[in-house]
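# Structure at a glance
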Amino acid sequence: MHSSKPPRRKVVPANGDDSADKHDQLLLSSAICNNEDLGPFIRKAFVSGKPETLHHHLRHFARSKESEIEEVCKAHYQDFILAVDDLRSLLSDVDSLKSSLSESNSKLQSVARPLLSSLDAFVETRNVSKNVNLAIDSVRNCIKLMEVCSRANRHLSEDNFYMALKCLDTIEREYLDQTASSTLRRMLEKKIPEIRSHIERKVNKEFGDWLVEIRVVSRNLGQLAIGQASSARQREEDLRIKQRQAEEQSRLSVRDCIYALEEEDEDGIAGGIGEDGYGNGAGGGFDLTPLYRAYHIHQTLGLEDRFKQYYYENRKLQLTSDFQVSSMTPFLESHQTFFAQIAGFFVVEDRVLRTGGGLISKMEVENLWDIAVSKMCSVLEDQFSRMQTANHLLLIKDYVSLLGVTLRRYGYPIDALLDVLSKHRDKYHELLLSDCRKQIAEALSADKFEQMLMKKEYEYSMNVLSFQIQTSDIIPAFPYLAPFSSTVPDCCRIVRSFIEDSVSFMSYGGQLEFYEVVKKYLDRLLGEVLDEALLKLINTSVSGVSQAMQVAANMAVLERACDFFFRHAAQLSGVPMRMVERSRRQFPLRKARDAAEEVLSGLLKAKVDGFMSLIENVNWMTDDPPQSGNEYVNEVIIYLEILVSTAQQILPSKVLKRVLWEVLSHISEKIVGTLVSDSVKRFNVNAVTGIDADIRLLESFADNQGPLFSDGDADQLKTSLVESRQLINLLLSNHPENFLNPVIRERSYNALDHKKVVIVSEKLRDPSDRLFGTFGSRGARQNPKKKSLDTLIKRLRDVS
């Protein structure tokens with residue numbers, strides 16, 4: 001856009017001022033017509049020092065408007081005249097109306113003056129009446145207020161704090177703002193907070209007294225609850241014993257066994273605890289009224305949360321103080337009080353939780369229980385680590401388990417406590433094994449190796465029937481001489497006590513099936529403790545045949561007792577008998593049993609060796625065989641018969657058979673050994689015939705033992721002489737070379753050693769082999785038996 005400069009005009013100074021004034025005048029007129037602000041014009045006039053010009057312009061504008069007004073008036077002149085006429089007629093009407101109103105007012109004033117006087121009197125009377133009514137209402141409110149105050153004072157004097165607080169609330173809510181007396185209002189506003197503070201102090205004092213009292217009550221309550229748990233456990237044990245007895249009778253005689261298990265009335269089980277598990281009776285009750293009263297009062301005072309916290313903190317402090325274990329008193333003496341205090345504490349807290357209306361929350365009770373469990377576990381760990389007596393540990397364990405049973409009824413978890421008990425299971429059994437080792441050593445050291453004499457039936461029942469070691473169900477005549485010594489029932493009592501203590505420790509410990517654990521430690525007791533003690537006794541104290549025989553008899557009785565031990569452990573553990581019988585093990589005292597039989601056999605062999613020494617008197621080249629056996633065998637048989645007659649009184653047949661087998665086997669070995677030894681240079685058939693007669697006597701002795709043993713055992717007893725019998729049979733055979741036949745050898749000579757056969761066969765001489773006998777028999781025919789024997793010897797040497 002291009003702009004061109006306007007041509008410059010020549011300003012005439014004379015007319016310049018007039019045009020500016022006109023311009024200002026137009027602007028001012030325009031601003032006035034447009035209702036704009038005239039401030040800038042006024043400011044400009046005064047700044048330029050020409051207010052007269054502004055005044056002139058305003059005048060000029062007014063004159064211009066007057067002319068316009070005149071023009072308008074001229075244009076509406078007729079209308080204006082008509083309007084003036086109307087106003088004049090209206091003025092006359094107004095004057096007449098004014099006079100009419102004045103007359104009416106005068107009449108009204110004259111008529112209403114008495115009425116106004118009456119009205120004034122009425123208004124004044126009504127105000128007085130209103131004031132009187134207000135005064136009456138104020139008096140009535142004051143009377144009611146005084147009645148409420150009097151009632152509040154009476155409740156305070158009777159320690160009925162809740163009703164007193166309700167009265168105070170009523171005063172504040174209904175009367176305080178309506179009380180006309182400012183003095184009375186100020187007095188009430190001052191006293192009501194003081195009364196509330198007084199009630200709070202009184203209630204807190206009662207609550208503090210309750211906290212002190214509840215500690216003693218908690219201890220008694222805990223003892224009562226644990227005592228009832230113990231009674232319930234005892235009833236269960238009695239019922240279980242009856243059931244076991246019934247099962248045992250049923251197992252022994254199904255047809256004759258009729259039994260019933262009676263369940264005791266349990267209505268009185270919780271006589272001191274009440275239907276919800278809390279004490280109601282004498283010595284077992286506890287009163288929560290002061291606690292709930294304090295809680296209710298604090299709720300009314302609007303201090304509910306503060307009281308909850310105050311209660312929780314105080315109970316937590318009490319619980320912490322209950323954990324203090326005195327170092328002056330042994331824990332064994334104080335553990336019942338310690339755990340009873342804790343049990344009573346949580347019985348009370350359970351009641352408060354369920355009936356306290358939110359005074360304590362479940363989470364807070366769980367926190368307190370976690371603290372208690374942690375501390376109890378710590379105390380148990382410390383005390384158990386110090387204990388060196390199994391019985392002490394068992395006593396504390398039993399009480400802790402009763403504590404667990406008691407508190408589990410109230411829903412408290414006790415797994416941590418049971419874990420501590422299980423953790424010390426091995427230590428307890430080690431201590432128990434140590435105690436039993438000492439007791440068994442004392443019992444064995446007091447053994448006199450004499451049969452036990454029982455004069456009364458109760459002694460028989462106590463020492464025999466109670467361990468099921470009888471051999472017959474028939475009660476013997478008294479006095480009764482038992483086949484065992486007094487050591488057997490003494491050891492049985494120790495083992496039974498061990499089983500019962502072990503089961504007692506394992507019972508109620510959170511483990512339902514613990515028979516395997518009890519059996520493991522029972523195996524250790526029998527295999528490590530009792531077996532080793534018996535071995536030591538056998539190796540150090542047994543010096544005679546009678547002592548060895550008594551020990552062997554004791555071992556046979558203990559073998560029956562071991563069956564009872566495992567059955568007894570199973571019964572106490574609640575395991576069916578069929579499972580025990582199905583899992584029978586080897587005799588755990590077999591080392592001691594074998595050692596006892598070995599010692600007895602050794603002593604008998606030594607005795608027999610004394611008689612066997614007479615074999616040196618045998619004439620090995622006799623012309624006539626002895627008809628009734630050699631002297632040594634007769635002595636041996638006499639001794640064996642005396643031995644059997646004595647041993648059968650105390651030794652079981654199986655033990656006696658094993659011992660006789662060892663002795664006869666030893667005799668057989670001695671006979672063969674004599675024939676093999678260098679002491680016998682040669683012998684003839686007559687001597688062999690005599691040895692054959694000796695062996696027949698020994699075999700006859702074995703056969704004569706048939707009444708003591710079964711037929712199979714009697715035949716087995718004869719096998720102890722098999723080596724000497726087969727050797728003699730071979731020497732007396734007409735065809736000794738049959739020994740070389742594997743079939744015949746396996747059938748008839750399987751017990752013979754070919755080296756011994758060679759040695760013995762070389763010593764056998766035919767009667768014709770006498771000195772100078774060859775000169776008379778030169779050219780004679782050789783004996784076939786001799787030829788067969790020479791062939792046997794030659795072939796056996798080739799084999800060697």
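Quick caveat, the model's predicted, so the values are computed rather than measured.

## What to know about the overall build of the protein chain
Secondary structure assignment for the protein chain yields 28 helices and 4 strands. Relative to its 800 residues, the protein chain shows a buried fraction of 38%. Counted over contacts in the protein chain with a minimum sequence separation of 6, partners at least 24 positions apart contribute 78%. Of the roughly 46,500 Å² of accessible surface on the protein chain, a fraction of 52% belongs to carbon and sulfur atoms.

## Considerations on empty space enclosed by the protein
Tallying each qualifying case throughout the model produces 3 cavities of 30 Å³ or more. Around the second largest cavity sit Leu444, Asp447, Thr487, Val488, Cys491, Leu534, Leu537, Val551, Asn554 and Leu558, which together line it. Those elements giving two or more residues to the lining of the second largest cavity turn out to be helix H15 (487–506), helix H16 (515–541) and helix H17 (545–573). Partitioned by chemical class, the residues of the lining of the second largest cavity number 7 nonpolar, 2 polar and 1 charged.

## Quick word on the environment of Glu172
Looking at the secondary structure, you find Glu172 in helix H5 (residues 161–175). Measuring from C-alpha to C-alpha, the distance between Glu172 and Glu189 comes to 8.6 Å, with 17 residues separating the pair along the chain. Excluding its chain neighbours within four sequence positions, the residues that come into contact with Glu172 are Ile192 and Arg196.

## Examining a nonpolar patch on the surface
On the surface, a cluster of nonpolar side chains totalling about 340 Å² of accessible area is made up of Leu116, Leu119, Phe122 and Val123. Residue classification places Val123 among the partly exposed positions, given a relative accessible area of 31%.

## So, the nonpolar core
Side chains of nonpolar character tend, in soluble globular proteins, to be buried together. Residues Phe339, Phe346, Met376, Phe565, Leu651, Ile667 and Phe683 are the most contacted members of the largest nonpolar core, which totals 200 residues. The element that contributes the greatest number of residues to this core is H17, accounting for 18 residues. Leaving out residues up to four positions away in the same chain, Met376 has contacts with Phe338, Phe339, Ile342, Trp369, Leu403 and Leu417.

## Brief notes about the pattern of salt bridges
Taken as a whole and assessed by the stated rule, the structure comprises 24 salt bridges. For Lys308, the salt bridge goes to Glu304, with nearest N and O atoms at 3.4 Å. Note that Lys308 and Glu304 are positioned in helix H8 (residues 304–322) at a spacing of 4 residues, about one turn of the helix. For the salt bridge of Glu662 with Lys605, the shortest nitrogen-to-oxygen distance reads 3.5 Å. Here the residue Glu662 occupies a position in helix H21 (residues 653–676), and Lys605 occupies one in helix H19 (residues 590–612), the gap between them amounting to 57 residues. A relative accessible area of 32% means that Glu662 is categorised as partly exposed. One network of salt bridges, with partners in common, ties together Asp692, Arg696, Glu699 and Arg725.

## Describing helix H24 (residues 722–732)
Most of H24 is tucked away, with 8 of its 11 residues classed as buried. Within the sequence span of H24, burial applies to Glu723, Ser724, Arg725, Gln726, Leu727, Ile728, Leu730 and Leu731.

## Considering the side chain of Asp322
With respect to the secondary-structure elements, Asp322 resides in helix H8. For Asp322, the contacting residues outside a window of four places in its chain are Arg215, Phe338, Gln341 and Phe345.

## Focus: the environment of Ala606
Among the secondary structure elements, Ala606 is positioned in helix H19. You can call Ala606 partly exposed: its relative accessible area is 47%. Separated by 57 residues in the primary sequence, Ala606 and Val663 place their C-alpha atoms 9.6 Å from one another.

## Here we look at unusual backbone geometry
Between Phe478 and the following residue, Pro479, the backbone shows a cis peptide bond with an omega angle of 0 degrees. Despite not being glycine, Phe449 shows a phi value in the positive range, around 55 degrees. Among the residues examined, Phe449 registers a relative accessible area of 14% and is labelled buried. Of note, the phi angle at Gln468 is positive, near 55 degrees, even though the residue is not glycine.

## Brief notes about the packing of aromatic side chains
Across all of its chains, the model carries 19 aromatic pairs by this definition. Seen from their ring centres, Trp369 and Tyr412 are 5.1 Å apart, and the 40 degrees between their planes marks the pair as tilted. Placement of the pair is Trp369 in helix H10 (residues 362–386) and Tyr412 in the loop between helix H11 (390–408) and helix H12 (415–423), with a sequence separation of 43 residues. Across the ring face of Phe505, the terminal group of Lys397 is positioned such that the distance to the ring centre comes to 5.7 Å.

## Remarks on the side chain of Glu699
Mapping Glu699 onto the fold places it in helix H22 (residues 685–704). Contacts of Glu699, omitting those with residues within four sequence positions, involve Lys718, Leu721 and Arg725.

## Topic: the environment of Val400
If you trace the backbone, Val400 turns up in helix H11. On a C-alpha basis, the gap between Val400 and Leu418 in space is 8.6 Å, while along the polypeptide they are 18 residues apart. Setting aside residues no more than four positions away along its own chain, Val400 makes contact with Phe339, Leu380 and Leu421.

## With respect to the packing of H10 against H12
Put simply, H10 and H12 touch, their axes get as near as 9 Å, and they point 10 degrees apart. In terms of orientation, H10 lies roughly parallel with respect to H12. Taken as a pair, H10 and H12 cross one another with a handedness that is right-handed. Between H10 and H12, the residues in contact are Val373, Met376, Cys377, Leu380, Glu381 and Phe384 and Ala416, Leu417, Val420, Leu421 and Lys423, respectively. The residue inventory of the contact of H10 with H12, partitioned by class, reads 9 nonpolar, no polar and 2 charged.

## As for the state of the cysteines
Counted according to the given criterion, the structure contains 0 disulfides. Of all cysteine sulfurs, the one in Cys492 lies closest to Cys491, which takes part in no disulfide; the gap is 7.1 Å. For Cys491, a relative accessible area of 1% corresponds to the buried category.

## Here we look at helix H13 (residues 425–445)
The end-to-end C-alpha distance of H13, which contains 21 residues, comes to 30 Å, matching closely the 30 Å that a straight helix rising 1.5 Å per residue would cover. Every buried residue of H13 is accounted for by Arg425, Tyr428, His429, Leu431, Leu432, Leu433, Cys436, Ile440, Ala443 and Leu444. Next to the buried residues of H13 lie H11, H12, H15 and H16.

## Things to note about the packing of H11 against H15
Their axes nearest at 9 Å, the elements H11 and H15 cross at an angle of 35 degrees. By crossing handedness, the relation of H11 to H15 is classed as left-handed. Here Leu393, Leu394, Lys397 and Asp398 of H11 lie close against H15, whose contacting residues are Asp501, Ser504, Phe505 and Met506. Of the residues contributing to the contact of H11 with H15, the split by class is 4 nonpolar, 1 polar and 3 charged.

## Brief notes about the confidence of the model for the protein chain
For the protein chain, mean pLDDT is 80; residues scoring 70 or higher make up 87% of the total. Segment residues 1–14 is flagged for pLDDT under 50; beyond a separation of four residues in sequence, or across chains, it makes 0 contacts in the model. Here residues 254–284 is modelled with pLDDT under 50, and outside its nearest four sequence neighbours on either side it reaches 50 contacts, counting other chains as well.

Here is what the cut-offs are and how they apply
Residues numbered from 1 in each chain as written. Predicted model: local features only at pLDDT ≥ 70, side-chain atom pairs only at ≥ 80, totals over all residues. Heavy atoms only, no water. Helix = DSSP H or I, 4+ residues; strand = E, 2+ residues; numbered from the N terminus. Buried < 20%, exposed > 50% of the residue type's maximum accessible area, 1.4 Å probe, protein only. Contact = heavy atoms within 4.5 Å. Areas by Shrake-Rupley, 256 points an atom, 1.4 Å probe, with all protein chains shown as cover. 1 Å grid on protein atoms, 1.4 Å probe; cavity = no way out; pocket = protein on both sides within 12 Å on 5 of 7 lines; lining within 4 Å. Points joined across faces, edges and corners; volume = space filled by probe spheres on them. Nonpolar A, V, L, I, M, F, W, Y, C, P; charged D, E, K, R; others polar. Patch = residues over 30% accessible without salt bridge, like charges linked within 9 Å, V, L, I, M, F, W, Y side chains within 5 Å. Salt bridge = Lys/Arg side-chain N within 4 Å of Asp/Glu carboxyl O. Core = buried A, V, L, I, M, F, W, Y, C linked by side-chain atoms within 4.5 Å. Phe/Tyr/Trp six-rings, centres within 6.5 Å; stacked < 30°, edge-to-face > 60°. Lys NZ or Arg CZ within 6 Å of the ring centre and 35° of its normal. Axes fitted to C-alpha atoms, helices over the stretch in contact; angles between N-to-C directions. Parallel < 35°, antiparallel > 145°, perpendicular 65-115°, else oblique. Left-handed = near helix turned anticlockwise from the far one by under 90°. Disulfide = S-S within 2.5 Å. Expected span 1.5 Å × (residues − 1). pLDDT = per-residue confidence, 0-100.

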